[in-house]
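Coordinates in review
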Amino acid sequence: MPDYLLTDEQIAAFHRDGFLAIPALTTQDEVARLREIYDRLFAQKAGRETGDQFDLAGTDEENKEAALPQILGPSKYAPELNDFALRKNALAVARQLLGPEANYAGEHAILKPARSGAPTPWHQDEAYWNPALDYRSISVWVPLQEATLENGCMQFVPGSHKLPIARHQSIGNDPRVHGLELAPDANVDVEKAVACPLPAGGATIHLSSTLHYTSANHTDAPRRAYILVFHAPSKERETPRRFPWQEEKRTARQERADRAKATNEKPAVM
Ligand code: NI
């Protein structure tokens, strides 16, 4: 087994900048197997009915081409993902960065279709999460082919992890869209952004408050990203905060999830 642990310099850079790029976190053989599962799940629309597969950047109507298809928890639909070395390697790195209490918290997949894949606007992941909690959390973003400026590699604002969570809104200020973007009055400077091109099976790692962005996919091949999330235990915040953009959201994805839940809970009729 190759050793993917971080050096002291990498750990220091992560805490200084709020992100880190590393050239490899798993083998090319595993990337190839992962890519096969990934393409199958999107082709089969796995999780569509339960609200786990949806359009992150669009209004997500039935039979409408998704601008930015996402699957939450792909391992629910392909349990073999739980056994990938990538998971163990990423956990080891997460514990180096967050401490021994860090644990796996979930995964998702974001596909940018060839030519049509939309940008993921600037945001902080924590804007999606529970405003009552203080998080110590990282996302490990793994491209399953080369990630470039042209197909939508990750870009970060160094040091932005020290900022509070800015004002966000649904993309295009349309509450039917799941994805978030910075609100026009967010007053955040992204001028000093750093792009992180990566080989397949490399990774970027960022904190839940680090500002990040990916461009549209301008190439003829899909851009596949597989993302693993790790949390240190979170605690209740002392100073409350509100994320009104969450309260305004009304997505088709949530409707499907609610419907699937209601169907499951219905007692069987004999
Ligand atoms: Ni994000």
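Scroll up a little and you will see the structure.
Residues numbered from 1 in each chain as written. Predicted model: local features only at pLDDT ≥ 70, side-chain atom pairs only at ≥ 80, totals over all residues. Heavy atoms only, no water.

This paragraph deals with the packing of aromatic side chains. Tallied over the entire structure, the rule returns six aromatic pairs. Ring centres 4.6 Å apart and planes at 10 degrees place the aromatic pair Phe19 and Phe156 in the stacked group. Here Phe19 is found in strand E1 (residues 19-22), whereas its partner Phe156 is found in strand E7 (residues 154-156), with 137 residues between them in sequence. Look at Phe156 and you get buried, because its relative accessible area is 0%. Taking the ring centre of Phe84 as reference, the NZ or CZ of Arg33 above it sits at 4.9 Å. When the ring centre of Tyr104 is taken as reference, the NZ or CZ atom of Arg87 above it lies at 3.8 Å. (Phe/Tyr/Trp six-rings, centres within 6.5 Å; stacked < 30°, edge-to-face > 60°. Helix = DSSP H or I, 4+ residues; strand = E, 2+ residues; numbered from the N terminus. Buried < 20%, exposed > 50% of the residue type's maximum accessible area, 1.4 Å probe, protein only. Lys NZ or Arg CZ within 6 Å of the ring centre and 35° of its normal.)

Looking now at helix H1 (residues 8-17). Within the span of H1, buried status applies to Ile11, Ala13, Phe14 and Asp17. Looking straight down H1, one finds its buried side chains confined to an arc of 160 degrees; they lie on one side. Every exposed residue of H1 that faces more than 90 degrees away from the buried side is listed here: Asp8, Glu9 and Arg16. Buried residues in H1 make contact with E1, helix H3 (85-98), strand E6 (133-143) and strand E11 (203-207). (Arc of directions from axis to C-beta. Contact = heavy atoms within 4.5 Å.)

Once that is clear, we can look at the side chain of Glu181. You can see Glu181 is positioned in strand E9 (residues 180-182). We note that Glu181 is buried and unpaired, the nearest opposite charge coming from Arg167 at a distance of 11 Å. Here the side chain of Glu181 touches Gln169 through a polar contact of 2.8 Å, side chain to side chain. Among the polar contacts made by the side chain of Glu181, one reaches the main-chain amide nitrogen of Gly172 at a distance of 3.1 Å. Contact partners of Glu181, with chain neighbours within four places excluded, come to Pro121, Trp122, Arg167, His168, Gln169, Ser170, Ile171, Gly172 and Asn173. (Lys, Arg positive; Asp, Glu negative; His and termini not counted. Salt bridge = Lys/Arg side-chain N within 4 Å of Asp/Glu carboxyl O. Polar contact = N/O pair within 3.5 Å; in protein donor to acceptor, adjacent residues only side chain to side chain.)

This brings us to the environment of Ala216. Within the secondary structure, Ala216 sits in the loop between strand E12 (212-214) and strand E13 (223-236). Between the alpha carbons of Ala216 and Arg115 there is a distance of 7.9 Å; along the sequence they are 101 residues apart. Apart from residues lying up to four places away in sequence, Ala216 is in contact with Lys112, Gly117, Ala118, Pro119, Glu150, Asn151 and Gly152.

Turning next to the coordination of the nickel ion. Around a metal, the idealised angle for a tetrahedral arrangement of four donor atoms is 109.5 degrees; for an octahedral arrangement of six donor atoms it is 90 or 180 degrees. Coordination sphere of the nickel ion, protein contribution only: His123 (NE2), Asp125 (OD) and His212 (NE2), at 2.1 Å. The sequence pattern describing where the donors of the nickel ion fall on their chain is H-x1-D-x86-H. Like His123, the residue Asp125 is buried in the burial classification. (Donors = N, O, S within 2.8 Å, 3.2 Å for Na, K, Ca; no water.)

Grouped together as the largest cluster of nonpolar side chains are 40 residues, with contacts concentrated most on Leu25, Leu86, Leu97, Ile138, Val140, Ile205 and Tyr226. At the level of secondary structure, the elements contributing two or more residues to this core comprise H1, E1, helix H2 (28-43), H3, strand E4 (103-112), E6, E11 and E13. Among residues more than four places away in sequence, those in contact with Val140 are Leu25, Ala90, Ala203, Thr204, Ile205, Tyr226, Ile227, Leu228 and Phe230. In terms of nonpolar packing, the next biggest core, distinct from the first, is built from 22 residues, Leu56, Ala57, Ala147 and Val177 among them. (Core = buried A, V, L, I, M, F, W, Y, C linked by side-chain atoms within 4.5 Å.)

When its volume is computed, the largest pocket comes out at roughly 760 Å³. Together, 31 residues line the largest pocket, and Leu72, His108, Tyr128, Trp129 and His178 are the ones closest to its centre. Contributing elements (two or more residues each) for the lining of the largest pocket: strand E3 (69-72), E4, strand E5 (120-123), E6, E12, E13 and helix H5 (252-265). Ranked by residue count, the leading element in the lining of the largest pocket is E4, at five residues. Looking at the lining of the largest pocket, its residues break down into 10 nonpolar, 14 polar and seven charged. (1 Å grid on protein atoms, 1.4 Å probe; cavity = no way out; pocket = protein on both sides within 12 Å on 5 of 7 lines; lining within 4 Å. Points joined across faces, edges and corners; volume = space filled by probe spheres on them. Nonpolar A, V, L, I, M, F, W, Y, C, P; charged D, E, K, R; others polar.)

Relative to the assigned elements, Leu72 resides in strand E3. Since its relative accessible area comes to 25%, Leu72 is described here as partly exposed. Remark: the alpha-carbon pair of Leu72 and Arg223, spanning 151 residues in sequence, is separated by 17 Å. Dropping the residues within four chain positions of it, Leu72 is found in contact with Asp52, Phe54, Tyr77, Glu107, His108 and Arg253.

Further remarks concern the sheet that holds strand E2 (residues 53-55). Spatially, E1-E11-E6-E13-E4-E3-E2 is the arrangement adopted by the seven strands of the open sheet, whose pairing is antiparallel. Strand pairing shows two members of the sheet lacking a second neighbour, E1 and E2, which therefore form its edges. Looking at each pair of strands side by side, their axes are set apart by 20 degrees on average, direction ignored. For E4 and E13, the ladder comprises nine bridges, and the chain directions are antiparallel. (Pairing = 2+ DSSP bridges. Axes fitted to C-alpha atoms, helices over the stretch in contact; angles between N-to-C directions.)

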